[in-house]
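Geometric and topological summary
Below, each chain spelled out in residue letters.
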Amino acid sequence: MLASILSPMVLAFLLGIIASRVKSDLKFPDSLYQSLTIYLLIAIGMKGGYKLSLATFEEVWQPALVAIGLCCTIPLWTYVLMRKVGKFDVPNAAALAAHYGSVSAVTFSAALAFHENLSIPFEGFMPSMLAMMEIPAILIGISLARINTPPTESNPQIPIKEVARELFAGKSSLLLLGFLLIGFSVGKTGWEQVAPLFDLPFKGVLTLFLLEAGLVAGRKLSDLKKGGLFLIGFGIIFPIVHAIIGIYLGSLAGLSLGGATILGVLASSASYIAAPAACRVALPEANPSYYLTSALAITFPFNIMFGLPLYHEIAKLIITQ
Amino acid sequence: MQNFHLLTIITEEVLATTIEKELVSLGAKGYTWSTVSGKGLEGVRDNQWEGENTKIETIVSEETCKKILSHLELKYFNRYAMIAFYHPVQVIRTNHFL
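First, a word on scope: everything that follows refers to the structure included in this document. (Residues numbered from 1 in each chain as written. Chains lettered and ligands numbered in written order. Predicted model: local features only at pLDDT ≥ 70, side-chain atom pairs only at ≥ 80, totals over all residues.)

**Topic: the overall build of chain A**
The secondary structure content of chain A amounts to 15 helices and zero strands. By the compact-globule yardstick of 20 Å for 321 residues, chain A fits well, its C-alpha radius of gyration being 19 Å. In terms of its C-alpha atoms, chain A occupies a principal-axis envelope of roughly 55 × 45 × 45 Å. A buried classification covers 53% of the 321 residues belonging to chain A. In chain A, once contacts between residues fewer than 6 apart in sequence are set aside, the share between residues at least 24 apart is 87%. (Helix = DSSP H or I, 4+ residues; strand = E, 2+ residues; numbered from the N terminus. Rg over C-alpha atoms; globule rule 2.2 N^0.38 Å. Buried ≥ 20, exposed ≤ 12 C-beta atoms within 10 Å, placed from the backbone. Contact = placed C-beta atoms within 7 Å.)

**Description of the overall build of chain B**
Helix and strand content of chain B: two helices and six strands. Sequence-ordered secondary structure for chain B, helices as α and strands as β, is β-α-β-β-β-β-α-β.

**Considering unusual backbone geometry**
Phi at A:Ser119 takes a positive value of approximately 50 degrees, unusual for a residue other than glycine. Turning to its location among the elements, A:Ser119 is positioned in the loop between α6 (105-117) and α7 (126-134). Residue class for A:Ser119 comes out exposed when judged on the 7 C-beta atoms lying within 10 Å of it. Residues other than glycine seldom take positive phi values, yet B:Arg93 does so here, at roughly 55 degrees.

**Digging into the sheet that holds strand β6 (residues 82-91) of chain B**
Residue and element names in this part refer to chain B. In spatial order, the strands read β2-β5-β1-β6; together these four strands make up an open sheet with antiparallel pairing. The outermost strands of the open sheet, each flanked by one partner alone, are β2 (32-36) and β6. The sheet shows a mean angle of 20 degrees between the axes of neighbouring strands, taken without regard to direction. Against the sheet, helix α1 (residues 16-25) touches β1 (2-12), β2 and β5 (53-60), its axis set at about 5 degrees to β5. (Pairing = 2+ DSSP bridges. Axes fitted to C-alpha atoms, helices over the stretch in contact; angles between N-to-C directions.)

**Considerations on the packing of helix α12 (residues 224-252) of chain A against helix α15 (residues 288-320) of chain A**
Residue and element names in this part refer to chain A. Contact pair α12 / α15: the axes reach a minimum separation of 8 Å and the direction vectors enclose 35 degrees. Considering how the two elements wind past one another, α12 and α15 form a crossing that is right-handed. Among the residues forming the contact of α12 with α15, the class breakdown is 19 nonpolar, nine polar and one charged. (Left-handed = near helix turned anticlockwise from the far one by under 90°. Nonpolar A, V, L, I, M, F, W, Y, C, P; charged D, E, K, R; others polar.)

**Some details on helix α8 (residues 136-148) of chain A**
Residues and elements named next belong to chain A. In this model, α8 (13 residues) spans 18 Å end to end at C-alpha, consistent with the 18 Å of a helix rising 1.5 Å per residue. Buried within α8 are the following residues: Pro136, Ala137, Ile138, Leu139, Ile140, Gly141, Ile142, Leu144 and Ala145. Among the structural elements, α4 (57-84), α5 (90-101), α9 (160-169) and α14 (274-282) are those in contact with the buried residues of α8. (Expected span 1.5 Å × (residues − 1).)

Shown next as structure tokens:
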């Protein structure tokens with residue numbers, strides 16, 4: 001566990017949190033944030049596409065089925081739990097369901113770095129699981145709200161087709177899917193041409209990005225009290241439960257220790273790039289203080305600092321049994 | 001010189017594209033937008049993760065201005081962080097705005 005916390009990425013994230021708590025003037029220019037996001041998405045997609053081209057269909061189809069199953073079912077039970085136990089209203093429960101069913105590309109990147117640091121092998125095609133899991137949950141979450149609240153004249157609803165178009169055309173899925181395809185098509189020779197830019201500097205760029213993520217998460221910490229104890233507990237316990245389910249199903253689908261852990265990380269992570277924007281537009285009644293705070297200020301830091309080593313230990317227990 | 005209204009809307013970035021389309025369909029000939037940050041009743045929005053604020057400005061006739069404002073009031077005021085205000089301006093080259 002110490003090895004994970006003492007990585008430059010996690011320490012940069014912590015420094016970001018401290019910087020925002022002491023009200024430092026450190027601020028990333030917006031264009032740098034955008035550039036780092038674009039770099040990370042291209043790097044993940046390109047390498048994942050290349051590795052996917054090396055895999056056989058037999059290796060991929062079962063994990064893919066599990067990944068799709070997870071991202072379609074997590075929002076359903078999250079929604080029910082939020083309504084029944086958390087006593088949230090329809091839009092807030094639906095927004096939380098969309099966020100927790102969808103995935104975080106940055107947590108995924110940190111999981112890749114974690115496994116590489118500890119030299120634990122994992123299936124290289126895992127980025128294709130990330131790409132598959134991003135959008136369905138957001139659409140399911142928004143649809144859950146639509147089914148449970150009829151449109152009124154003062155509450156016009158954006159058609160779900162339009163929401164889907166915006167999500168697929170959004171930069172995160174466009175770059176991820178686009179570069180998965182590019183990486184898949186160009187194979188080894190193509191990958192080797194761009195690897196010096198997209199492989200070696202990846203962890204350095206991730207460190208920069210996590211410093212910025214720490215700054216934002218630190219600012220959001222002040223909103224924790226608005227969410228209440230239930231949301232804090234939910235933001236920690238739910239990811240652990242999802243990770244266990246993901247790891248277990250991943251190992252059943254034939255993934256290695258590393259691959260199953262990464263699928264667990266995907267199941268446990270909550271989206272905070274694609275989902276917040278989509279929910280803000282499609283579910284304006286949902287309060288960002290709930291969904292953004294729990295995804296960004298609770299689940300994300302927990303996963304980066306404690307979740308990754310914890311899920312690794314859980315995976316060892318499940319897979320060696 | 002002719003009298004027009006300079007309408008300013010400050011709102012959440014996620015709405016910018018939709019509102020810009022609506023302005024044009026309600027009769028505005030064009031608009032200018034910029035990214036801004038600040039504090040209001042809905043708190044501070046000053047980073048990319050939460051989305052920033054967008055300021056959209058358009059110069060329109062009084063009639064179009066009223067039409068746009070009542071549309072914004074109906075569709076957005078209760079549900080989003082948004083302020084809208086206008087002041088009279090005098091412009092040359094009126095064909096740009098009518």
